[in-house]
Amino acid sequence: MAVFVEVDHIDRVFKLPDGGEYIALKNIDLHIHKGEFVSLVGHSGCGKSTLLNILSGLDQPSAGGIVLEGRQVTEPGPDRMVVFQNYSLLPWLTVRQNIELAVDQVLQKHPKPVRRRLVDHHIELVGLQKAADKRPGQISGGMKQRVAIARALAIRPKLLLLDEPFGALDALTRGGLQEQLMQICQEHEVTCVMVTHDVDEALLLSDRIVLMTNGPEAHVGQIVEVPFPRPRERMEVVKHPNYYSLRNEIVYFLNQQKRAKQHKAKPVVAVAANGLEKVNLELGLIPLTDCAPLVVAKEKGLFEANGLSQVTLNREPSWNAIADGVTSGRLDAAMMVAGMPLGLTLGYGNQRPVPMVTALTLSRNGNAITVSRRLYDQGVRSLADLKAAIDRRPDQVHTLAAVHPTSMHNLLLRYWLASGGIDPDRDVSVTVIPPAQMVSNLKAGTIDGYCVGEPWNVRAVQEGVGVVMAIDHDIWPGHIEKVLGVTEAWANQYPKTHLALVKALLEACEYCDDPRNREEIIDLLARPEYVGADPGYLRQGFLGPYDRGDGRKPESILHYNQFFTDKANCPDVTEAVWIMTQMARWGITPFPRNWLEVAERIKRTDIFGQAARELGLLDIGRDRHPIQLFDGIPFNPDHPLDYLERLAIKRDLRIEEIPLDALKA
Amino acid sequence: MTDTWELIVNPFFNYGGTDKGLFWQVLTSLQRVALGFSLAAIVGVALGILVGTSSLMYSALDPLFQVLRTVPPLAWLPISLAAFQQANPSAIFVIFITAIWPIIINTTEGVRQIPQDYNNVARVLRLSKPVYFLKVLFPATVPYIFTGLRIGIGLSWLAIVAAEMLIGGVGIGFFIWDAWNSSRISDIIIAIVYVGVVGLLLDRLIVFIGSLVLPEEQKK
């Protein structure tokens, strides 16, 4: 898709009366495609209206510029019509005259009868025939906004700019107008940029939501893609399995910004102590059984023992928030899904690549694939049954969920499906939902199954909404699961701190794998600030027998959660290459031509080795040998492309050279 | 009482010279006011819009207006007599110069107070100058213009009475002065009643015209 509007590195600086400067916008860079609906969301005073004014040409950027269809925007013009927040209708003209004023001025070259018809058509479009000859003072706020929209649409703008168009309206009117706007935009394929405070409104209307950070120096904090299919219906959008996770992500971002504002008074500085460069660390974790090493290191004083005296654990709402927190510097380090350091370095999902490193594998195994009780009751007992069930109902889209594009859950779920002849993109829909929201989505029927870590499979089984179809031991026993991830820049800036962190967590991993400690760890994890789940759920697999919910007797599974034993912790290049083949297989990232260089650079065995030696532990990883999953296709790390060739179901491969040294941190 | 009785019951007599009924006296004064005030309105609104739309003109001329507007009406009379050499044009000029300042100042203010929203609409639509003037600037300024006109008409009625006292001839001002010289105090009283009532009617007239022109939303 060609770029329609290009916002090219815009700064906007206001001169203050006291001679100072206020930098409202800093380095805003945004590409908008034709027919796209983009929302700008942020707190008050974050400069979103300023950005809209610059787009319209009413305000000029201090640096950078706007390019619309290849031409720079320097002044306002009717090809970028604005729907103003307070309607901006001329009160001395009737509804019809207000629209006529715009149409007559802008479409002068059309003959008068054509213009009259155009005006009438747009009055009808917004359903204001009865009020056409009334003045703005005689009609309600909602009607005024409809006039403003009709006026804007009637002059056929290339780009429609809406400044909090429904902000001043009551909820009922707002809902009706949103639907009308959505319909009109879809029918006429108008490219829209809307400023709004309302997260639900943004989700309903937009293709992309641009989240702005707080001013001063506001910039684009995050861009959320809204995947709901069009045409949209309000009720169906709300029922979409991703709706609440997207909503949470945005609300989380906004709360983060609010907190950042409060924190701005005391900027985060590195506190150096105990011979380390930085002892005040913000670590991110996701509420899962396998966050145990972080919790243990904190609660058993292992961080302090290694000199890290001020460690804070932050419970994050989604893996996206983790990725964002670490790359933005809000978090120093975090537990990450295995593919995340690789995915971030390769720029997954067309994001800006950020070089990452991982020097420690935190856990192995611990996942399962759960399908809904409904599918189970239809006779789905195995992968083959699932395929049959999908083939039986070609009219119905089965939706399965994983927690992040780069997570093992996504890759294993897709591998599992593909090995059974189910194309995870064409035969079913695989979507991304944070772990903690899986069970509620399964219960609501918005998804039919998922792959996730514990305790979220156990919980679905115990609540009777799902049945475990496969666990890791059925697919790839002992696979890499969670890793410690930091940016390469951070690792280079704080090498001693990084080493201390790896040591503390490695000790914690060892502690976690001693069965005598697990009872205590369950109690720690059950605390509300960590996983906050019922200890009975946490126990299954971790310490006690595991109930798959299919009527069989619960069985004990060796190493269901593996943290240390069997050389679990050393970063493994072979696994990294396997993950890269799988991410390339599904089009999540390109496959690097320099795959070995990328894998070696990210998997810092040297740091792990030093940490292990200093602790007197074994400093090597597993032997280098081909990986083989349940279907028996061997993966030889020396020939990853041959392996990709052998896999039947896959997307178009992109093979690219990744210039690691050119990537800026 | 008996001396004034004729004035009260018959405002329309005309015995030639300055010996006319009060209706004629008032009418003559009103004609002068009408002429002077109309000129002031036309020039004042035009000048006000000009000054209001250009910030250069505004910063150059507004201080001047602020000084001139404080000059009492009668102070202009000697200059105008010297310039015009005749009583009637001088009186009209005094009316003009008295009424014009509030009209200019209010019009200027009106133009400067046009809501930014309307200007933004005009800029986005790229309205041509004449359309902008007719559809946006002028309608938006009308309430301010009428405020100026109302103040102006009041001032000009004040000024005409004073001016006529000095220049003589037919007119309600000179009538009062003449009555004082002839010690007809009761005539003065009836004339003052006339002046008051006419002043009130003029004010109401402007308000009435304003209410015809202004749309509902802009009335304060």
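Scroll up to find the structure this text is about.
Quick notes on the rules
- Sequence positions are assigned chain by chain, starting from 1 and proceeding in written order.
- Just so you know, chain letters begin at A and ligand numbers begin at 1, following the order they were written in.
- Only residues with pLDDT of at least 70 are given local features in this predicted model, and only at 80 or more are side-chain atom pairs given and counted; all residues enter the totals for whole chains, interfaces and linings.
- With hydrogens and water stripped out, all remaining heavy atoms of the structure feed into the side-chain values.
- Numbered from the N terminus, helices here are DSSP runs of H or I no shorter than four residues, and strands are runs of E no shorter than two.
- We call a residue buried when its accessible area falls under 20% of the maximum for its residue type, exposed when it is over 50%, and partly exposed in between, using a 1.4 Å probe and counting protein chains only.
- Two residues form a contact once any of their heavy atoms are found within 4.5 Å.
- The Shrake-Rupley method, run with a 1.4 Å probe sphere, supplies the accessible areas, and residue values consider only the shown protein chains as cover.
- A pair of strands counts as paired when DSSP detects no fewer than two bridges linking them.
- Note on geometry: axes are C-alpha line fits, over the in-contact stretch for helices, and angles between N-to-C directions span 0 to 180 degrees.
- Two aromatic rings from Phe, Tyr or Trp, using only the six-membered ring of Trp, form a pair when their centres are within 6.5 Å; if the ring planes differ by under 30 degrees the pair is stacked, by over 60 it is edge-to-face, and anything between is tilted.
- Here, over-ring charges are defined by two tests on the NZ atom of lysine or the CZ atom of arginine: distance to the ring centre within 6 Å, and angle to the ring normal within 35 degrees.
- With respect to orientation, any angle under 35 degrees is reported as roughly parallel, any angle over 145 as roughly antiparallel, any angle of 65 to 115 as roughly perpendicular, and every other angle as oblique.
- By the convention adopted, Pro, Cys, Tyr, Trp, Phe, Met, Ile, Leu, Val and Ala count as nonpolar, Lys, Arg, Asp and Glu as charged, and the other residues, Gly among them, as polar.
- By nonpolar core we mean a set of buried residues, namely Ala, Val, Leu, Ile, Met, Phe, Trp, Tyr and Cys, connected to one another through side-chain atoms within 4.5 Å.
- Here a polar contact means two N or O atoms within 3.5 Å. Within protein one must be a hydrogen donor candidate and the other an acceptor candidate, and residues neighboring in sequence count only if both atoms are side-chain atoms.
- Like-charged residues within 9 Å of one another, or nonpolar side chains (Val, Leu, Ile, Met, Phe, Trp, Tyr) within 5 Å, are grouped into patches, provided each residue has over 30% relative accessible area and no salt bridge.
- Throughout this description, the term salt bridge denotes a Lys or Arg side-chain nitrogen within 4 Å of a carboxyl oxygen of Asp or Glu.
- Buried area, as used here, totals the accessible surface that two parts lose on assembly, with accessibility defined by a 1.4 Å probe and the loss added over both.

Caption draft 1: Inspection of the overall build of chain A at higher detail. Each helix and strand counted, chain A has 26 helices and 25 strands in total. Evaluated residue by residue, chain A yields a buried proportion of 58% over its 665 residues. For chain A, long-range pairs separated by at least 24 residues make up 74% of all intrachain contacts whose partners lie at least 6 apart in sequence. Summing over all exposed atoms, chain A offers an accessible surface of approximately 26200 Å²; the carbon and sulfur share of this is 49%.

Caption draft 2: Main features of the sheet that holds strand β18 (residues 449-453) of chain A. Residues and elements named next belong to chain A. Across the sheet, which stays open at both edges, the five strands sit in the order β17-β16-β18-β15-β19 with mixed pairing between neighbours. Each having just a single partner strand, β17 (428-432) and β19 (466-471) make up the two edges of the open sheet. Pairwise comparison of adjacent strand axes, ignoring direction, gives a mean angle of 25° for this sheet. Across five bridges, the pairing between strand β16 (residues 398-402) and β17 is parallel.

Caption draft 3: Representation of the pairing of strand β14 (residues 356-365) of chain A within the structure. Residues and elements named next belong to chain A. With 10 of 10 residues buried, β14 lies mostly within the body of the structure. Relative to strand β20 (residues 480-487), β14 runs antiparallel, the two being bridged by six bridges. Bridged to L360 within β20 is L484. Alignment of β14 against strand β21 (residues 561-562), held across two bridges, turns out to be antiparallel.

Caption draft 4: Region of interest: the sheet that holds strand β4 (residues 63-68) of chain A. Residue and element names in this part refer to chain A. Across the sheet, four strands lie side by side as β2-β1-β4-β5; this open sheet has antiparallel pairing. Edge strands, defined here as strands with exactly one partner in the open sheet, are β2 (21-33) and β5 (71-72). Bridge analysis of β4 against β5 gives two bridges, and the strand direction is antiparallel. Each residue of the ladder has a partner; that of V67, found in β5, is Q72.

Caption draft 5: Quick look at the packing of aromatic side chains. One pass over the structure, following the stated rule, counts 15 aromatic pairs over all chains. Centroid distance W92 of chain A to Y118 of chain B: 5.4 Å. Interplanar angle 85°. Geometry classified as edge-to-face. With W92 of chain A in the loop between β6 (80-83) and α2 (95-106) and Y118 of chain B in helix α6 (residues 116-125), this pair bridges two chains. Here W92 of chain A and Y118 of chain B have matching classes, each one buried. Centre to centre, the rings of Y415 of chain A and F630 of chain A are 6.4 Å apart; their planes meet at 65°, and the pair counts as edge-to-face. Here Y415 of chain A is found in helix α15 (residues 408-419), whereas its partner F630 of chain A is found in the loop between β23 (627-628) and β24 (634-635), with 215 residues between them in sequence. With relative accessibility at 2%, the residue Y415 of chain A sits in the buried group. Taking the relative accessible area as the measure of exposure, F630 of chain A reaches 36% and is therefore partly exposed. Between R518 of chain A and the ring centre of F542 of chain A, over which it is positioned, the NZ or CZ distance is 4.4 Å. Above the face of the Y58 of chain B ring, R112 of chain B is positioned so that its terminal group lies 3.6 Å from the ring centre.

Caption draft 6: Quick look at the packing of helix α9 (residues 292-299) of chain A against helix α20 (residues 495-512) of chain A. Residue and element names in this part refer to chain A. Their axes nearest at 8 Å, the elements α9 and α20 cross at an angle of 105°. Here α20 runs roughly perpendicular to α9, going by the angle between their axes. For the pair formed by α9 and α20, the contact residues are A292, P293, L294, V296 and A297 on the first element and A504, L505, A508, C509, Y511 and C512 on the second. For the contact of α9 with α20, the class distribution of residues is 11 nonpolar, no polar and no charged.

Caption draft 7: Quick look at the nonpolar core. Judged by nonpolar contacts, the single largest core of 145 residues is most densely connected at I99, L160, L203 and I209 of chain A. In terms of residue count, helix α7 (residues 129-167) of chain B provides more of this core than any other element does, 15 residues in total. Excluding its chain neighbours within four sequence positions, the residues that come into contact with I209 of chain A are S39, V41, A202, L203, Q222, I223, V224, V226 and I250 of chain A.

Caption draft 8: Representation of unusual backbone geometry. Residues and elements named next belong to chain A. With omega at 0°, the peptide bond leading from R230 into P231 counts as cis. Structurally, P231 can be placed in the loop between β10 (220-225) and α7 (234-239). P455 follows E454 through a cis peptide bond whose omega is 5°. Along the chain, P455 falls in the loop between β18 and α17 (456-462).

Caption draft 9: Quick look at the pairing of β20 of chain A. All names here are of chain A. Across the eight residues of β20, eight count as buried, placing the element largely inside the fold. Inspection of the sheet shows strand β13 (residues 333-337) paired to β20 by four bridges, in the antiparallel sense. In the sheet register, A334 faces β20, and the bridge partner there is G485.

Caption draft 10: Layout of the environment of L203 of chain A. Residue and element names in this part refer to chain A. Relative to the helices and strands, L203 is located in helix α6 (residues 199-205). Here the alpha-carbon distance between L203 and Y243, two residues 40 residues apart in the chain, equals 7.9 Å. Each residue touching L203, except ones within four places of it in the same chain, is listed here: I209, V226, F228, R232, Y243, L246, R247 and I250.

Caption draft 11: Summary view of the side chain of R364 of chain A. All names here are of chain A. On the secondary structure map, R364 appears in strand β14. Among the residues examined, R364 registers a relative accessible area of 1% and is labelled buried. Within the structure, R364 has its side chain in polar contact with the backbone oxygen of G478 (distance 3.0 Å). Each residue touching R364, except ones within four places of it in the same chain, is listed here: G478, H479, I480, E481, Y560, N561, Q562, A568, C570, E575 and R622.

Caption draft 12: A look at a nonpolar patch on the surface. All names here are of chain B. A cluster of nonpolar side chains, W177, W180, I185, I189, V193, V197 and L201, forms an exposed patch at the surface whose accessible area comes to about 700 Å². Of all the elements in the fold, those that place two or more residues in the nonpolar patch are α8 (172-181) and α9 (185-213). As for its position among the elements, I185 is in helix α9. Take I185: its relative accessible area is 44%, and that puts it in the partly exposed class.

Caption draft 13: Highlighting helix α1 (residues 48-56) of chain A. Residues and elements named next belong to chain A. Counting buried positions over the nine residues of α1 gives seven, a clear majority of the element. Among the residues of α1, K48, T50, L51, L52, I54, L55 and S56 are the ones counted as buried. Looking one or two places after α1, you find G57, whose phi comes out positive at around 95°.

Caption draft 14: Looking closely at the interface of chain B and chain A. Every contact between the two is made by 18 residues of chain B and, on the other side, 25 residues of chain A. For the pair chain B and chain A, the summed buried surface comes to about 2000 Å²; carbon and sulfur atoms form 68% of the total. Counting across the chain B and chain A interface gives one salt bridge. A salt bridge links E75 of chain A to R126 of chain B, with the nearest nitrogen and oxygen atoms 3.5 Å apart. If you look at where chain B meets chain A, you find six residue pairs in polar contact (both at pLDDT 80 or more). For the side of chain B that touches chain A, the secondary structure elements donating two or more residues are α6 and α7 of chain B. For the side of chain B that touches chain A, the element with the highest residue contribution is α6 of chain B, accounting for seven residues. For the side of chain B that touches chain A, a count of residues per class yields 10 nonpolar, three polar and five charged.

Caption draft 15: Examining the pattern of salt bridges more closely. Residues and elements named next belong to chain A. Using the criterion set out here, one finds 49 salt bridges over all chains in the structure. Residue K278 pairs with D332 through a salt bridge whose shortest N-O separation is 2.9 Å. Placement of K278 in the loop between α8 (243-263) and β11 (280-285) and of D332 in the loop between α11 (319-328) and β13 is noted, with a sequence separation of 54 residues between them. A cluster of three or more residues bridged by salt bridges with shared partners is formed by R414, D423, D425, R426 and R651.

Just geometry here; none of it tells us what the structure is for.
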